[in-house]
Amino acid sequence: MKAPVDLQSDVGEVLVSEEQIQAKVRELGARISVDYAGRELTLVSVLKGSLPFMADLMRSITVPVRIDLMEVSSYGGTSTESSGLVRILKDLSASIADEDVLLVEDIIDTGLTLNYLVRYLRGKGPASLRICTLLDKPARRLVEIPVDYTGFTIEDRFVVGYGLDFGEFYRNLRYVGVLRPEVYSTPPAIGEPEA
Ligand code: PRP
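Bear in mind the structure is a predicted one, so any value in this text is a computation, not a measurement.

Q: Looking at this structure, how should I read the overall build of the chain?
A: Helix and strand content of the chain: four helices and nine strands. For the chain, the succession of helices and strands along the chain, N to C, is β-α-β-α-β-β-β-α-β-β-β-β-α. Within the span of the chain, comprising 195 residues, buried residues form 47% of the whole. A sequence separation of at least 24 residues applies to 66% of the contacts in the chain between residues at least 6 apart.

See the structure below:
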């Protein structure tokens, strides 16, 4: 039988600690609350990676928020390079027409997913659309999109934790860490490796 994934010891380095993440989430929440003062805000998050960030961020925002969730997958690319072709697995559950919308992402890598989502959401006629991401990896950008709220800008390293996965595991780590290379050079327990 295959040994289970060892969450803590598979991580070679903590890149962003739990304390750093929580402080940044509070800071972003405070900025967003000031920027949207006197208004209502609709947070749209993109499953699955954004789940912990969305859950923490929404509780750091003091203006009234609605939430909605989308799930997308890219296809046609390789295991670590997305193709820019995005398939919607779960769509918005309500109209965002005339609403102030903030798109909440865990990471922007090539920018292809975000590029698709921004066009898609703009087509729904929101009053405004801004973007918030916990992590930004600018070294891998293929499409440039202005981001309104960024938590941490990171180098081009393979990161997991706080929502980010490898082979669908490691999402429940409370920090963002770098996997030891020997972990991702062997096949993951389930699913395919992701960027
Ligand atoms: C991640 C992340 C972004 C996207 C960023 O999702 O949540 O949506 O990749 O990559 P890009 O900038 O190169 O398009 P992923 O497809 O890994 O799905 P997941 O959130 O379910 O893990």
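Next comes the rest of the account.
Q: What am I meant to see in the side chain of aspartate 56 here?
A: Inspection of the secondary structure puts aspartate 56 in helix α2 (residues 51-58). Take aspartate 56: its relative accessible area is 17%, and that puts it in the buried class. What aspartate 56 contacts, discounting residues up to four positions off in sequence, is Gln22, Val25 and Tyr162.

Q: Before we go on, may I ask you to explain the nonpolar core in this structure?
A: Nonpolar side chains in soluble globular proteins tend to be buried together. Of all hydrophobic cores here, the largest spans 27 residues; its most connected members are Ile32, Phe53, Leu57, Leu102, Cys132, Leu135 and Val159. If near-sequence neighbours (up to four positions away) are discounted, valine 159 is found in contact with Leu15, Ile107, Leu135, Ile154, Leu164, Val176, Gly177 and Val178. Val72, Leu92, Leu103 and Ile145 belong to the second largest nonpolar core, which has 20 residues in total.

Analysis parameters
Residues numbered from 1 in each chain as written. Predicted model: local features only at pLDDT ≥ 70, side-chain atom pairs only at ≥ 80, totals over all residues. Heavy atoms only, no water. Helix = DSSP H or I, 4+ residues; strand = E, 2+ residues; numbered from the N terminus. Buried < 20%, exposed > 50% of the residue type's maximum accessible area, 1.4 Å probe, protein only. Contact = heavy atoms within 4.5 Å. Core = buried A, V, L, I, M, F, W, Y, C linked by side-chain atoms within 4.5 Å.

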